[in-house]
Amino acid sequence: MNIPLILLTALLLFVILVIRNILKAYVIYMLGDPTPKYRGLLSANPLNHIDPIGTTFLFLTPFLSQGTFIFGWTKYIDYDPNYFKNKDLSEFIVGFTGLASFFIVVFVSRILISVLPNMADLLVFLSYMSAFLLAINLIPIKGFDGAIILSVILRKINRRLFYAWEDFQYKYQLVILVMFFPLIIILAPFLKLIAQLTLKIAGW
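Residues numbered from 1 in each chain as written. Predicted model: local features only at pLDDT ≥ 70, side-chain atom pairs only at ≥ 80, totals over all residues. Heavy atoms only, no water.

### Quick look at the overall build of the protein chain
Working step 1: Assigned secondary structure in the protein chain consists of eight helices and zero strands.
Working step 2: Of the regular secondary structure in the protein chain, the N- to C-terminal order runs α-α-α-α-α-α-α-α.
Working step 3: Taken against the 2.2 N^0.38 rule, which gives 17 Å for 204 residues, the C-alpha radius of gyration of the protein chain at 17 Å falls within 12% of a compact globule.
Working step 4: Projecting the C-alpha coordinates of the protein chain onto the three principal axes gives extents of approximately 50 × 35 × 35 Å.
Working step 5: Here the protein chain holds 204 residues, and the buried ones make up 41% of them.
Working step 6: Across the protein chain, the fraction of contacts at a sequence separation of at least 24, relative to all contacts at a separation of at least 6, is 71%. (Helix = DSSP H or I, 4+ residues; strand = E, 2+ residues; numbered from the N terminus. Rg over C-alpha atoms; globule rule 2.2 N^0.38 Å. Buried < 20%, exposed > 50% of the residue type's maximum accessible area, 1.4 Å probe, protein only. Contact = heavy atoms within 4.5 Å.)

Rendered as structure tokens:
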């Protein structure tokens, strides 16, 4: 078991998720919701973004799986859409920001690789992780950016369908949680394709 590599993987994932949190928190705040500010999520201090359970999993699961599996999360960026002047547009922007944050990491890493060639392996690793996280976050499950975007679309297209989808996720959230990893395996080819497309667009 390569302990330094496992630690590096967990640390990089944590850094990526913190960057996403900060960008998303700032966008929510700029759209008029003060919730992120009250929760201290506008801070660049990574300690402010630690979720006691999720971040523990983040560093524990790769050790338990001997480097074959990693799972975890940082503090959830919650928001109150009632603060937004244009609820649909603002929520769409929030969801898009979450996805865009992963792309920004990929794009900036591509630029830095020419400036910091000695860190090429690290930057490539960081980019691949970010690209795959972008793909995963497209899945329209509560807590993911894809769910926010899908909710906005459904509200605009068909309110009844929107409420049915929201009700389904609420009633069967435990089933969705259990089926999450099998779903990732099933969608793996599609997720890899999205990740590769993201890398290509960023210039890799």
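Having put the structure on the table, let's press on.
### Quick notes on the environment of Ser101
Working step 1: Following the sequence through the fold, Ser101 ends up in helix α4 (residues 87-115).
Working step 2: Remark: the alpha-carbon pair of Ser101 and Arg160, spanning 59 residues in sequence, is separated by 32 Å.
Working step 3: Other than its neighbours up to four places away in sequence, Ser101 contacts Arg20 and Leu23.

### Things to note about helix α6 (residues 145-157)
An α-helical turn contains 3.6 residues, so any two residues separated by three or four positions project in the same direction.
Working step 1: With 13 residues, α6 extends 19 Å between its outermost C-alpha atoms, agreeing within 8% with the 18 Å of an ideal straight helix rising 1.5 Å per residue.
Working step 2: If you follow the buried residues of α6, they end up packed against α1 (3-30), α4 and α7 (159-171). (Expected span 1.5 Å × (residues − 1).)

### Some details on the packing of α6 against α7
Working step 1: Taken N-terminus to C-terminus, the directions of α6 and α7 make an angle of 145 degrees; their axes are 6 Å apart at the nearest point. Across from Leu150, Ser151, Leu154, Arg155 and Ile157 in α6, the residues of α7 making contact are Arg159, Leu161, Phe162, Trp165 and Glu166.
Working step 2: When grouped by side-chain class, the residues that make up the contact of α6 with α7 number six nonpolar, one polar and three charged. (Axes fitted to C-alpha atoms, helices over the stretch in contact; angles between N-to-C directions. Nonpolar A, V, L, I, M, F, W, Y, C, P; charged D, E, K, R; others polar.)

### Some remarks on the packing of α4 against helix α5 (residues 120-136)
Working step 1: Where α4 meets α5, the closest approach of the two axes is 8 Å, and the angle between their N-to-C directions is 160 degrees. As far as their axial angle goes, α5 and α4 are roughly antiparallel. The handedness of the crossing between α4 and α5 comes out as left-handed. For the pair formed by α4 and α5, the contact residues are Leu99, Phe102, Phe103, Val105, Val106, Ser109, Leu112 and Ile113 on the first element and Ala120, Leu123, Val124, Leu126, Ser127, Ser130, Ala131, Leu133 and Leu134 on the second.
Working step 2: A per-class count over the contact of α4 with α5 returns 14 nonpolar, three polar and no charged. (Parallel < 35°, antiparallel > 145°, perpendicular 65-115°, else oblique. Left-handed = near helix turned anticlockwise from the far one by under 90°.)

### Here's the deal with the packing of aromatic side chains
Working step 1: Within the structure shown, the criterion is met by nine aromatic pairs.
Working step 2: Each member of the aromatic cluster is reached from another via a ring pair, and the members are Phe144, Phe180 and Phe181.
Working step 3: Between the NZ or CZ atom of Arg110 and the centre of the ring of Trp204, over which it lies, the distance is 5.6 Å.
Working step 4: Positioned over the ring face of Phe162 is Arg155, at 5.4 Å from the centre of the ring. (Phe/Tyr/Trp six-rings, centres within 6.5 Å; stacked < 30°, edge-to-face > 60°. Lys NZ or Arg CZ within 6 Å of the ring centre and 35° of its normal.)

### Describing the confidence of the model for the protein chain
Working step 1: Summing up the model confidence of the protein chain, the mean pLDDT is 89 and the portion of residues at 70 or higher is 98%.
Working step 2: Here helix α3 (residues 52-64) is the element of the protein chain with the lowest mean pLDDT, 85, and α4 is the one with the highest, 93. (pLDDT = per-residue confidence, 0-100.)

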